[in-house]
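Report on the structure
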Amino acid sequence: MEATIALRLPRDAASVPVIRQLLDASLRALGVVSQIREDIQLMLSEACSNVIRHATPSDDYMVSTELSRDRCVIKVVDAGDGFDFSGPASPAPTSEHGRGLLIMRALADDICFVNRHERGSIVCLEKTLRFVKGAPGLSLLLSEELQFQQGVPEIVGDGPDVGNHLTAGDHADVK
């Protein structure tokens, strides 16, 4: 199974909690662990807030999320003037703004910025999903992968039993 959510949103601060809550509800329903959901919410909030603050003269922006296997891929696309992502490495200690890119880089497993000179910007954020024991996401998102794999490895060890899947931080040996 692959789940996709795509919304075109007004460039308005009220749109940020809407997309954040919609994605969180989907991740919660699949059984994604709370720490990963919180990281995704914060990354998404920062990317959307940057569009709202900086993507003039665009009236709207698009957020698409794709949940596939153990990955969440978020793309935030605006039609503003573009943005130079190679700006200062860190804001001044007393600055009230300028930490969004640092936060996204710290929380994302992979991140990509595309400046479409005077046609807007694309921020692509990827995060590996981890699931609670018995989560629907284990069978819905990962089952197809297991069915088509040849020689699914046997998992042994003292980590929690989640079928043939390990969450990050669990210790086991693969034979």
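Residues numbered from 1 in each chain as written. Predicted model: local features only at pLDDT ≥ 70, side-chain atom pairs only at ≥ 80, totals over all residues. Heavy atoms only, no water.

**Section: the confidence of the model for the chain**
Which entries qualify depends on this criterion: Every residue is assigned a pLDDT by the predictor, reflecting its confidence on a scale from 0 to 100. Any two residues whose heavy atoms approach within 4.5 Å are treated as being in contact.
Within the chain, residue pLDDT values average 79, and 73% of them lie at 70 or more. Across residues 146–175, confidence stays below pLDDT 50; counting only partners more than four residues off in sequence or on other chains, it has 32 contacts.

**Brief notes about the sheet that holds strand E1 (residues 2–10)**
Let me state the cut-off plainly: Any two strands with at least two DSSP-identified bridges between them are counted as paired. Where helices and strands are cited, they refer to DSSP runs of H or I of at least four residues and of E of at least two residues respectively, numbered from the N terminus. Axis angles are defined between N-to-C directions and span 0 to 180 degrees, where every axis is a line fitted to C-alpha atoms and, for a helix, only to the segment in contact.
Strand order in the open sheet formed by five strands is E1-E2-E3-E5-E4, and the pairing between neighbours is antiparallel. A strand with exactly one partner marks an edge of an open sheet, and here the two such strands are E1 and strand E4 (110–115). Averaged over all adjacent pairs, the angle separating strand axes in this sheet is 10°, with direction ignored. As paired strands, E4 and strand E5 (residues 121–128) are joined by six bridges and run antiparallel to one another. Bridging across to E5, Asn-115 finds its partner in Ser-121. Each of E1, strand E2 (60–68) and strand E3 (71–78) is contacted by helix H1 (residues 15–30), which is oriented at about 170° to E1, the strand it contacts most. Most of the contacts of helix H3 (residues 100–107) go to E4, to which it runs at about 140°, and overall it touches E4 and E5.

**Brief notes about the environment of Ala-29**
Defined as follows: Per-residue accessibility, obtained with a 1.4 Å probe over protein chains only, is compared with the maximum for each type, and a residue is labelled buried under 20%, exposed over 50%, and partly exposed between these values.
Along the polypeptide, Ala-29 turns up in helix H1. Classification of Ala-29 as exposed rests on a relative accessible area of 54%.

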